[in-house]
Amino acid sequence: SGIGALAVANTATRAQYHNGDSPRKVESGNVKFIGNESKVYRTGRKIMGTQVVEPGPWQVSYQSGWGRQTMDISSFQVVALWIRASRESTEDIVLELQDDPTFGTPSTTPGLPLIAGGFVPGGKFTEEFKQIVIPVSKLIGGSETFHPSILRCLLISGKAGAPIDYYIDKIVLYDSAEAAVSDVEGQ
């Protein structure tokens, strides 16, 4: 089924938490990594945890590999990820893709809200994991400057009304929506 991923086949995705030195500064709502001792398991392995420490805007990026590694996503149709929250929440999360040209300023796709976009089953985040499946074309959103052949990271942001923890697992790119569903059923 041609699976590719931000966590590419057996390579753990590294989380890079932007606080102050981010490409686009976040004014408040500091984010912290939730360590390995936290019980944040879904599939028997440790997953990424982000704690929004205080109310306000927040942003975190998940990227493939180390250093300046990029990824060609031009042949993939959908991106899927699993999300749960420490409490029920209707506060939206926005996804963006950012490329990494060798020279010049990175280009970021328009923000795509998950709840308002209709991608979150039930229209809210809950304490149970939900799979979010998004067409890559929706994320790119007609951007004429974003280069899908040199994807650097997936930016995840929001505006928290109160402190909240988000757990994100298995960010994977698929060549079709059917492959994403098939992968879920095969677990």
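Residues numbered from 1 in each chain as written. Predicted model: local features only at pLDDT ≥ 70, side-chain atom pairs only at ≥ 80, totals over all residues. Heavy atoms only, no water.

Draft legend 1. The pattern of salt bridges, seen in detail. With the rule as written, the count across this model stands at one salt bridge. Across the salt bridge formed by E88 and K124, the nearest N and O atoms sit 3.3 Å from each other. One end of the pair, E88, is in the loop between β6 (78-85) and β7 (93-99); the other, K124, is in the loop between β8 (112-113) and β9 (130-135), and 36 residues separate them in sequence. The exposure class assigned to K124 is partly exposed, which follows from its relative accessible area of 27%. (Salt bridge = Lys/Arg side-chain N within 4 Å of Asp/Glu carboxyl O. Helix = DSSP H or I, 4+ residues; strand = E, 2+ residues; numbered from the N terminus. Buried < 20%, exposed > 50% of the residue type's maximum accessible area, 1.4 Å probe, protein only.)

Draft legend 2. Geometry of the packing of aromatic side chains. Under the definition given, this model contains two aromatic pairs. For the pair W58 and Y166, a centre-to-centre distance of 5.4 Å together with 25 degrees between the ring planes defines the contact as stacked. Within this pair, whereas W58 is found in strand β5 (residues 56-63), its partner Y166 is found in strand β11 (residues 164-174), the two being separated by 108 residues in sequence. Considered together, W58 and Y166 belong to a single accessibility category, that of buried residues. Measuring from centroid to centroid gives 6.1 Å for F125 and Y166, while their planes differ by 80 degrees, and the two rings are edge-to-face. One end of the pair, F125, is in the loop between β8 and β9; the other, Y166, is in strand β11, with 41 residues separating them in the sequence. Accessibility assignment for this pair places F125 and Y166 in one class, buried. In textbook terms, an aromatic cluster arises when at least three aromatic residues are bridged by ring pairs, as seen for W58, F125 and Y166. (Phe/Tyr/Trp six-rings, centres within 6.5 Å; stacked < 30°, edge-to-face > 60°.)

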